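Here are the chains, one letter per residue:
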Amino acid sequence: MNRPDWIILGRIAGVYGVKGWVKLFSETEPREGIVDYDPLSIQIGGEWKVLKVETGRAHGKGVVAKLEGIDDRDAAAALIGASIGIRREQLEPLPEGEYYWADLVGLEVINLEAVSLGWVDHLMETGANDVLVVSGDRERLIPYVRDQVIQEIDLEAGIIRVDWDPDF
């Protein structure tokens, strides 16, 4: 299965102050970990532009950062809404049996009776466990609980096998 070259880590959500700082919406865990990737890239008009993070930190429930070359509020404001990403090769290798969320998006979800439930649209955190949001004939929320619900993940075949009733 083809995995995306770019991994989206968040987006630029707003400006912070007058010296070019931006507010980041981060999908990393921990959220301030987004500023540890070097370099970050932002997507503007379909094009990726590499930007180094000069500094960044957690701020309230979000993250703020100063990006190299973005030195005033107007330049920062022009970036609002831009996706923040990294190249796949910047990700740390994971132990066997662990997956990045980005690797699961787009996989087909099939139950033990070989019924296709749809494809993973995205994942979400709920506190108790992560949840696969599966789009098919309808949207399904399937708990990401290994060995109970999630029986097998085959990235090469593009399949997640689940113990899940199609009527749920």
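Residues numbered from 1 in each chain as written. Predicted model: local features only at pLDDT ≥ 70, side-chain atom pairs only at ≥ 80, totals over all residues. Heavy atoms only, no water.

Asker: Please set out the packing of aromatic side chains residue by residue, giving values where relevant.
Answerer: Each aromatic ring pair is specified by the distance between its two centres and by the angle formed by the two planes. Scanning all chains against the criterion turns up three aromatic pairs. An angle of 5° between the planes, with centres 4.3 Å apart, marks the rings of Trp 6 and Trp 48 as stacked. With Trp 6 in strand S1 (residues 6–16) and Trp 48 in strand S4 (residues 47–51), this residue pair connects regions lying 42 residues apart in the sequence. Each ring, one from Trp 164 and one from Phe 168, has its centre 5.6 Å from the other, and the planes form 80°; the classification is edge-to-face. (Phe/Tyr/Trp six-rings, centres within 6.5 Å; stacked < 30°, edge-to-face > 60°. Helix = DSSP H or I, 4+ residues; strand = E, 2+ residues; numbered from the N terminus.)

Asker: An account of the nonpolar core is needed here, citing residue identities and associated values.
Answerer: Within the largest apolar cluster, 22 residues are counted, with the highest numbers of intra-cluster contacts made by Ile 12, Leu 24, Ile 34 and Leu 67. Elements with a minimum of two residues in this core: S1, strand S2 (21–26), strand S3 (40–44), strand S6 (62–67) and strand S7 (83–87). No other element matches S1, which puts four residues into this core. Sequence-distant contacts of Leu 24, defined by excluding residues within four places in its chain, comprise Arg 11, Ile 12, Ala 13, Ile 34, Val 35, Gly 62, Val 63, Ala 65 and Ile 84. (Core = buried A, V, L, I, M, F, W, Y, C linked by side-chain atoms within 4.5 Å. Buried < 20%, exposed > 50% of the residue type's maximum accessible area, 1.4 Å probe, protein only. Contact = heavy atoms within 4.5 Å.)

Asker: Break down the pairing of strand S11 (residues 139–143) for me, with residues and values.
Answerer: As a general feature of sheets, a regular strand has side chains that alternate between the two faces. Of the two faces of S11, the one holding Arg 140 and Ile 142 is buried and the one holding Glu 139, Leu 141 and Pro 143 is not buried anywhere. Linking two consecutive strands that pair antiparallel, namely strand S10 (residues 130–135) and S11, is a turn of three residues. (Pairing = 2+ DSSP bridges.)

Asker: Tell me about unusual backbone geometry, and name the residues and values.
Answerer: Trans is the common state for peptide bonds, and a negative phi is the common state for residues other than glycine. Cis geometry marks the peptide bond from Glu 29 to Pro 30, where omega comes out at 0°. Positionally, Pro 30 belongs in the loop between S2 and S3. Positioned with a positive phi, Ala 114 is a non-glycine residue whose angle comes to about 70°. With respect to the helices and strands, Ala 114 occurs in the loop between strand S8 (108–111) and strand S9 (116–125). On the basis of relative accessible area, Ala 114 is assigned to the exposed category, the value being 59%.

Asker: Please give an account of the sheet that holds S1 that cites residues and values.
Answerer: Overall, antiparallel pairing links the seven strands, which are arranged S4-S3-S7-S1-S2-S6-S5 in an open sheet. Either end of the sheet is taken by a strand with one partner, and the two such strands are S4 and strand S5 (53–59). Put simply, the sheet's adjacent strands are angled 35° from each other on average, direction ignored. Bridge analysis of S3 against S4 gives five bridges, and the strand direction is antiparallel. Directly across from Leu 40, in S4, lies its bridge partner Leu 51. (Axes fitted to C-alpha atoms, helices over the stretch in contact; angles between N-to-C directions.)

Asker: Account for the pattern of salt bridges, naming residues and giving values.
Answerer: What the rule picks out here adds up to six salt bridges. A salt bridge links Asp 71 to Lys 66, with the nearest nitrogen and oxygen atoms 2.9 Å apart. Exposure remark for Asp 71: the relative accessible area of 52% places this residue in the exposed category. What makes Lys 66 buried here is its relative accessible area of 7%. Put simply, Asp 137 and Arg 140 hold a salt bridge, and the shortest N to O gap is 2.9 Å. (Salt bridge = Lys/Arg side-chain N within 4 Å of Asp/Glu carboxyl O.)

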